[in-house]
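# Residue-level structure breakdown
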Amino acid sequence: MSIFLYILKRIINAIPILIIVSLISFFIIRLSPIDPLSELKLNPAISQQTLEAEKVRLGLDLPLYKQYLRWGGNFLKGDLGVSTSGELVSDRLKERIPNTLLLTGIVIILTWLVGIPLGIYAALNWRKPADRIITIFTSIGMAIPSFFYALLLLVFAVKTGWFPVGGLTSFNFSQMNIFGKIFDIIHHLFLPVLVLFTLSLASLQRQMRGNLLDVLESDYIKLARAKGLPENKVIYKHAVRNAINPMVTLIGFEFAGLLSGAALTEYVFQYPGLGRLVLEAVMKSDINLVMASLMIGAIMLVIGNLIGDILLKIVDPRVTME
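One structure accompanies this document, and this report is about it. (Residues numbered from 1 in each chain as written. Predicted model: local features only at pLDDT ≥ 70, side-chain atom pairs only at ≥ 80, totals over all residues. Heavy atoms only, no water.)

Moving on to the layout of surface pockets. Looking at the largest pocket, its volume works out to about 380 Å³. Looking at the largest pocket, it is lined by 16 residues, and the ones nearest its centre are Ile15, Leu18, Phe75, Leu76 and Met295. Contributions of two or more residues to the lining of the largest pocket are made by α1 (3-30), α4 (64-76) and α14 (287-315). For the lining of the largest pocket, the element with the highest residue contribution is α1, accounting for six residues. Its residues placed into classes, the lining of the largest pocket shows 14 nonpolar, two polar and no charged. Mapped onto the domain boundaries, the lining of the largest pocket takes at least three residues apiece from domain 1 (3-76) and domain 2 (96-315). (1 Å grid on protein atoms, 1.4 Å probe; cavity = no way out; pocket = protein on both sides within 12 Å on 5 of 7 lines; lining within 4 Å. Points joined across faces, edges and corners; volume = space filled by probe spheres on them. Helix = DSSP H or I, 4+ residues; strand = E, 2+ residues; numbered from the N terminus. Nonpolar A, V, L, I, M, F, W, Y, C, P; charged D, E, K, R; others polar. Domains from an automatic or database assignment.)

The following block contains the structure:
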């Protein structure tokens, strides 16, 4: 099967998943007790006629199934609707999605650049002091809740003043030169990246360590050593190459996990990303904005899994697309 046919097949298979996700999300949000017009109702300057007109505009006067069909039809046409704030949902997503992709992309790259070598080093020094120290720190990283860790770093930033709190750029960003802009973005990204990187690194390093330890005990590795192959060739050409295959398939799930973890981190640091936007929209029961954000997240998960499978094929030619 060609790679293009494989991608097409995966896209077709993803359609029922996206439909089910949209159905569950829509009806859970619609059945929640939060009123999308609650803020307008609390404003005494808003008349009853205005409230009724807004209710009709948002389609809240229709039965639930008609609301879903109306939303689904508009979504397929590329019309994501209008949020309760009066802004186009597509405009708000265009502002936030690049920021979240920037954050999660940096975290994934750093995690793999550090986590894989660290996992290999720990496996090759099994039960030695270096392995035990790394295991202790990774266990701590896996045990700390992301929200609590983000709050600790937020307090640290406020107390010391070393890092900015909130936003992606400073107020005078437009007046900076290119190097100043790059440094300013890195300065704002440092703490959110540190939170997500620490938590992702712990999990990835432990998985790589466990995979490599299992492979090193396999018969073909023992046979390679018995034939007199150099130890570096046995480890890095045979053992590591096979141990890393399961890690590649986890890229899609890791991407989805970062998106969910980034939501709380973005909210704590007031980072202008997709996760923070979804949380704020859920609290306001902004159906159009929540649904569009959830569907974007589901599509990202599907794309992440697809990329993981394609990378696995590249890493291991023995894997077929069947």
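Still to come is the rest of the account.
Core analysis: the biggest nonpolar cluster contains 23 residues, and Trp112, Ile116, Met208, Leu212 and Met247 have the highest contact counts within it. Listed by contribution, the elements that provide at least two residues to this core are α5 (89-124), α8 (178-216), α9 (219-226), α10 (231-243) and α11 (245-249). With six residues, α8 is the single largest residue contributor to this core. Setting aside anything within four residues of it in sequence, one finds Leu212 in contact with Ile120, Ala123, Ala239, Val240 and Ala243. (Core = buried A, V, L, I, M, F, W, Y, C linked by side-chain atoms within 4.5 Å. Buried < 20%, exposed > 50% of the residue type's maximum accessible area, 1.4 Å probe, protein only. Contact = heavy atoms within 4.5 Å.)

Moving on to the pattern of salt bridges. Within the structure shown, the criterion is met by one salt bridge. The closest approach of N and O atoms between Asp131 and Arg209, which form a salt bridge, is 2.8 Å. Within this pair, whereas Asp131 is found in helix α6 (residues 129-143), its partner Arg209 is found in helix α8, the two being separated by 78 residues in sequence. According to the relative accessible area criterion, Asp131 is buried, its value standing at 2%. (Salt bridge = Lys/Arg side-chain N within 4 Å of Asp/Glu carboxyl O.)

Turning our eyes to something else, we now look at the packing of aromatic side chains. Given two aromatic rings, their pairing is described by the distance between the two centres and the angle made by the two planes. Counted by the stated rule, this structure contains seven aromatic pairs. With 5.6 Å between their ring centres and 85 degrees between their planes, Phe156 and Trp162 make a pair best called edge-to-face. We classify Phe156 as partly exposed; its relative accessible area is 34%. Taken together, the ring pairs in this structure connect Phe26, Phe27, Tyr68, Trp71 and Phe75 into an aromatic cluster. (Phe/Tyr/Trp six-rings, centres within 6.5 Å; stacked < 30°, edge-to-face > 60°.)

Once that is clear, we can look at the packing of α6 against α8. Orientation of α6 relative to α8, taken along the N-to-C sense of each, is 135 degrees, at an axis distance of 8 Å. Considered as vectors, α6 and α8 are oriented oblique to each other. Judged by the twist between their axes, the crossing of α6 over α8 is left-handed. Residue-level inspection shows Asp131, Ile134, Thr135, Thr138, Ser139, Gly141 and Met142 of α6 in contact with α8, the latter providing Leu199, Ala202, Ser203, Gln205, Arg206 and Arg209. Classifying every residue of the contact of α6 with α8 by side-chain character gives four nonpolar, six polar and three charged. (Axes fitted to C-alpha atoms, helices over the stretch in contact; angles between N-to-C directions. Parallel < 35°, antiparallel > 145°, perpendicular 65-115°, else oblique. Left-handed = near helix turned anticlockwise from the far one by under 90°.)

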